Amino acid sequence: METKKIPISIYAEATPNPSVMKFVANRMLVDDGAYEFKNIEEARISPLATKLFHFPFVKEIFISANFIAIAKYNITEWNDVALEVREFISSYLQEGNPIVTVPSSIASAADETCDTQSETTVDFKLPNPEELGEVERRIVEILDEYVKPAVEQDGGNIVFVGYDEGVVKVLLRGACSGCPSSTLTLKNGILTLLQRMLPTLVKDVEAING
């Protein structure tokens, strides 16, 4: 009996990071947060990401909402491989194959202390939302409401890490991690926004991984 395919379409979209391509679906792929995989070992909870790592040019994978952002090695150009990746993802999803097998909340709890193998690795522990102070909660609200939607549009994500003596520390994920324009975005975009909405309370914004 022939398996009935699920109607779905995928389109490729460039991001501000030239090494990252965003593949967008016409439906939600994950409903419970975001997943970032630096290598095939980390991708064991995602059958889709595991298969994508079999492409020799795939370096990192970020899955959130209705898109997959893929960072490539410089052994090839996106113009040469984007169609192949798009068709693979489309075929995989149409067959009803699983995207992830472990909810984001459980995966995050199992790896609450981040320690990747990149040169920009910084060991840290994500703050407990229930333990945040008034200023920290307001910063998180501003990031969630005003910054995250724009960052996700570019194939990335931003996570609040901490606030100390006027300095807001964040983690950049997906296309934003290592993006040439990320520093400009932090200083001219996010910093300006926070200083406008929280005058005298925010002096700087730092990305712990960029």
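See the structure shown above.
Residues numbered from 1 in each chain as written. Predicted model: local features only at pLDDT ≥ 70, side-chain atom pairs only at ≥ 80, totals over all residues. Heavy atoms only, no water.

Participant: Could you clarify how one ought to interpret unusual backbone geometry in this entry?
Facilitator: Glycine aside, the phi torsion of most residues is negative, and most peptide linkages are trans. In this structure, A65 is a non-glycine residue whose phi angle is positive, near 50°. With respect to the secondary-structure elements, A65 resides in the loop between β4 (58-64) and β5 (67-72). On the basis of relative accessibility, which here comes to 18%, the residue A65 falls in the buried class. (Helix = DSSP H or I, 4+ residues; strand = E, 2+ residues; numbered from the N terminus. Buried < 20%, exposed > 50% of the residue type's maximum accessible area, 1.4 Å probe, protein only.)

Participant: Explain the packing of aromatic side chains here, please?
Facilitator: Aromatic rings considered in pairs are described by the distance between their centres and by the relative angle of their planes. Taken as a whole and assessed by the stated rule, the structure comprises seven aromatic pairs. Considering the side-chain rings of F55 and F57, the 5.5 Å spacing of their centres and the 40° angle between planes classify their relative orientation as tilted. Residue classification places F55 among the buried residues on the basis of a relative accessible area of 13%. On the basis of relative accessible area, F57 is assigned to the buried category, the value being 5%. Put simply, the rings of F23, F55, F57, W78, F88 and Y92 pair up and form one aromatic cluster. Positioned above the aromatic ring of F67, the side-chain terminus of K22 is 4.8 Å from the ring centre. (Phe/Tyr/Trp six-rings, centres within 6.5 Å; stacked < 30°, edge-to-face > 60°. Lys NZ or Arg CZ within 6 Å of the ring centre and 35° of its normal.)

Participant: Help me understand the pairing of strand β3 (residues 34-37) in this model?
Facilitator: Note on strand geometry: in a regular strand, side chains alternate between the two faces of the sheet. Here β3 shows two buried faces, one formed by A34 and E36 and the other by Y35 and F37. Sheet analysis places β3 next to β4, joined by four bridges and oriented antiparallel. Counterpart to A34 in the pairing with β4 is S64. (Pairing = 2+ DSSP bridges.)

Participant: Honestly, the sheet that holds strand β1 (residues 10-14) in this entry has me stumped. Any pointers?
Facilitator: Sheet strands pair by backbone hydrogen bonding; their relative direction is either parallel or antiparallel. Taken together, five strands build an open sheet; the order of strands is β1-β2-β5-β4-β3 and the sheet is antiparallel. Both edges of this open sheet fall to β1 and β3, since each of them pairs with a single strand only. This sheet shows a mean twist of 20° between the axes of neighbouring strands, independent of strand direction. With respect to the sheet, helix α2 (residues 78-94) is in contact with β1, β2 (20-25) and β5, its orientation differing from that of β2 by roughly 30°. (Axes fitted to C-alpha atoms, helices over the stretch in contact; angles between N-to-C directions. Contact = heavy atoms within 4.5 Å.)

Participant: What is the right way to read helix α4 (residues 134-153) from this model?
Facilitator: For α4, with 20 residues, the first-to-last C-alpha span of 28 Å sits near the 28 Å given by 1.5 Å per residue. V147 marks where α4 bends most, by close to 50°; the proline P149 follows one to four residues later. Residues of α4 that are buried include every one of E136, I139, I142, L143, V147 and V151, and no others. Immediately downstream of α4, the backbone of G155 shows phi near 85°, a positive value. (Expected span 1.5 Å × (residues − 1). Bend = angle between axes of the 7 residues up to and from the residue.)

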